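# Architecture and fold: a report
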Amino acid sequence: MSSIKTRPNNGRSMNGGLMSRLKVVLSLCLPLVLLMSASTVRAANLFVNCGGKVGLTSIAAAIKVAKFAGPSTITVSGACHENVVIQSLDRLTLNAASGASITDTSGGNLSAVTIDDSRDVAISGFTINGGANGGADGIDCQDGSVCRLNGNTIQGAANGYGVGVFFSQVFLDGGTLQNNFAGLAVINGASGKATNVNIENNSIGIEIRTHSFVNTTATITANSAGGVFVHESGTLSCPGCQITGNGNIGVILKRDSSARLYGAYAVTGNTGGGIQLNEESSVYFAPGTVTGNTGGMDVFCGSSYTTARFATTNIGGGTTNCVEPSP
């Protein structure tokens with residue numbers, strides 16, 4: 001019986017060939033897999049029920065999910081007791097269902113909401129309670145962020161700011177800033193636009209400092225230490241703002257700061273005077289109303305060089321010691 005010769009089974013060479021072919025397939029498919037993965041990143045619509053038993057029960061938990069999605073909307077219901085941090089996250093919207101709130105739990109050591117290094121973050125319809133103790137704020141918008149705050153009530157930061165803006169941009173539309181040390185503070189090269197906002201019952205209504213800018217149509221009233229404080233090269237643009245019934249002075253400008261008042265603006269009924277200019281500051285008055293401010297002049301120019309353009313003609317008959325500058 002003749003023997004049958006067979007080719008030796010070289011397992012190593014067969015496995016090596018299989019592995020080589022597998023590497024080729026993977027090298028061709030991997031870019032396609034990555035492309036498909038990128039294309040499946042979509043906007044997320046998330047729902048938070050603070051105090052609930054199932055699902056997302058905190059805003060922080062929803063933000064963790066949103067970090068892996070595209071533009072995201074988080075709808076929140078209930079009373080959220082947490083300090084919310086939105087960091088390096090763009091195109092995020094937080095919407096409050098009726099009655100939703102965010103309350104500081106750090107005793108005022110942390111802001112109730114911090115928006116850091118994030119672009120186009122919108123927060124709408126919440127009651128936001130800062131800590132009565134400590135010096136933290138209701139909402140901080142900082143480090144190059146763009147923050148859109150719509151229809152919120154921001155309150156209770158007794159030693160801090162209702163809204164603090166640092167090296168960033170804020171857009172406020174509607175709502176109330178109340179019972180804070182300062183309702184709105186725009187500091188360190190920041191800018192703010194505040195429209196249809198009530199800024200009331202704070203110590204200071206608005207503070208603008210260190211090369212920062214605010215444009216506002218807000219109603220600024222019943223703030224115990226004054227309406228608007230602009231200093232260290234700050235700029236106020238007031239196209240129709242109402243600065244009325246504040247303790248101390250309605251508007252103070254110091255240290256090379258400026259303001260422009262136009263539209264249907266009014267600075268009236270402030271108990272320490274209307275507008276005070278000091279230390280190389282200036283105001284331009286379009287026709288408007290700066291009258292009835294008790295305890296001082298309606299427009300007062302300090303002894304250092306100041307400019308109050310049209311203060312003698314465009315303030316509706318209010319009192320002033322300012323001299324019209326030469327053309």
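Residues numbered from 1 in each chain as written. Predicted model: local features only at pLDDT ≥ 70, side-chain atom pairs only at ≥ 80, totals over all residues. Heavy atoms only, no water.

## As for the sheet that holds strand β16 (residues 182-187)
Counted only if it meets this: Strand pairing is assigned whenever DSSP identifies at least 2 bridges connecting the two strands. Helical segments are the DSSP runs of H or I of at least four residues, strand segments are the runs of E of at least two, and each set is numbered from the N terminus. All axes are obtained by fitting lines to C-alpha atoms, using only the stretch in contact for helices, and the reported angles, taken between N-to-C directions, cover 0 to 180 degrees.
Ordered in space as β4-β7-β10-β13-β16-β19-β22-β25-β28-β31, the 10 strands form an open sheet in which the pairing is parallel. Single-partner strands in this sheet number two, and they are β4 (84-87) and β31 (299-301). Across the sheet, the mean angle from the axis of one strand to that of its neighbour is 10 degrees, orientation sign disregarded. With 3 bridges connecting them, strand β25 (residues 251-254) and strand β28 (residues 275-277) associate as parallel partners. In the sheet register, I252 faces β28, and the bridge partner there is Q276.

## So, the sheet that holds strand β9 (residues 127-129)
Pairing is parallel in the open sheet, where 10 strands are placed in the order β3-β6-β9-β12-β15-β18-β21-β24-β27-β30. Edge positions in the sheet fall to β3 (79-81) and β30 (289-291), since each of these pairs with one other strand and no more. Taken pair by pair, the neighbouring strands of this sheet meet at an average axis angle of 10 degrees, ignoring direction. Note that strand β21 (residues 219-221) and strand β24 (residues 242-244) share 3 bridges and pair parallel. The residue bridging I220 from the neighbouring strand is I243, located in β24.

## What to know about the pattern of salt bridges
The criterion, for reference: Here, a salt bridge means any side-chain nitrogen of Lys or Arg that lies within 4 Å of a carboxyl oxygen of Asp or Glu. Residue exposure (1.4 Å probe, protein chains only): buried if accessible area is under 20% of the type maximum, exposed if over 50%, otherwise partly exposed.
What the rule picks out here adds up to 6 salt bridges. Ionic pairing is found between D117 and R119, a salt bridge with its closest N-O pair at 3.1 Å. The exposure class of R119 is partly exposed, given its relative accessible area of 32%. Across the pair E324 and R309 runs a salt bridge, and its minimum N-O distance is 3.6 Å. Of this pair, E324 sits in the segment after β32 (307-309) while R309 sits in strand β32, placing them 15 residues apart in sequence. Taking relative accessible area as the criterion, E324 reaches 27% and is therefore assigned partly exposed.

## So, the environment of C50
Going by this rule: Should any heavy atoms of two residues lie within 4.5 Å, those residues are counted as being in contact.
Position of C50 among the secondary structure elements: in the loop between β1 (44-49) and α2 (59-66). Residue C50 is classed as buried on the basis of its relative accessible area of 9%. Along the chain, C50 and A100 lie 50 residues apart, while their C-alpha atoms are 8.7 Å from each other. In contact with C50, not counting residues within four places along its chain, are T57, S58, V76, S77, G78, A79, C80 and E82.

## Quick notes on unusual backbone geometry
One non-glycine residue with positive phi stands out, namely D117, at about 50 degrees. On the secondary structure map, D117 appears in the loop between β7 (113-116) and β8 (121-124). According to the relative accessible area criterion, D117 is partly exposed, its value standing at 25%. The residue N179 is not glycine, and still its phi comes out positive at about 60 degrees.

## Quick word on the pairing of β4
Side chains of β4 alternate between two faces, with V84 and I86 buried and V85 and Q87 left unburied. Taken together, the 4 bridges between β4 and β7 define a ladder with parallel strand orientation. Pairing of Q87 across the sheet is with D116, part of β7.

## Considerations on the nonpolar core
Cut-off, in case you're wondering: Side-chain atoms within 4.5 Å are what join buried Ala, Val, Leu, Ile, Met, Phe, Trp, Tyr and Cys residues into a set we call a nonpolar core.
Counting residues in each nonpolar core, the largest one holds 69 residues, and the members touching the most others are I275 and F285. The element that contributes the greatest number of residues to this core is α2, accounting for 4 residues. Here F285 is in contact with L261, Y265, I275, V290, V299, A308, R309, F310, A311, N314 and I315, once residues within four sequence places are set aside. Among the nonpolar cores identified, the runner-up in size contains 6 residues, and Y161, F166, A185 and I187 belong to it.

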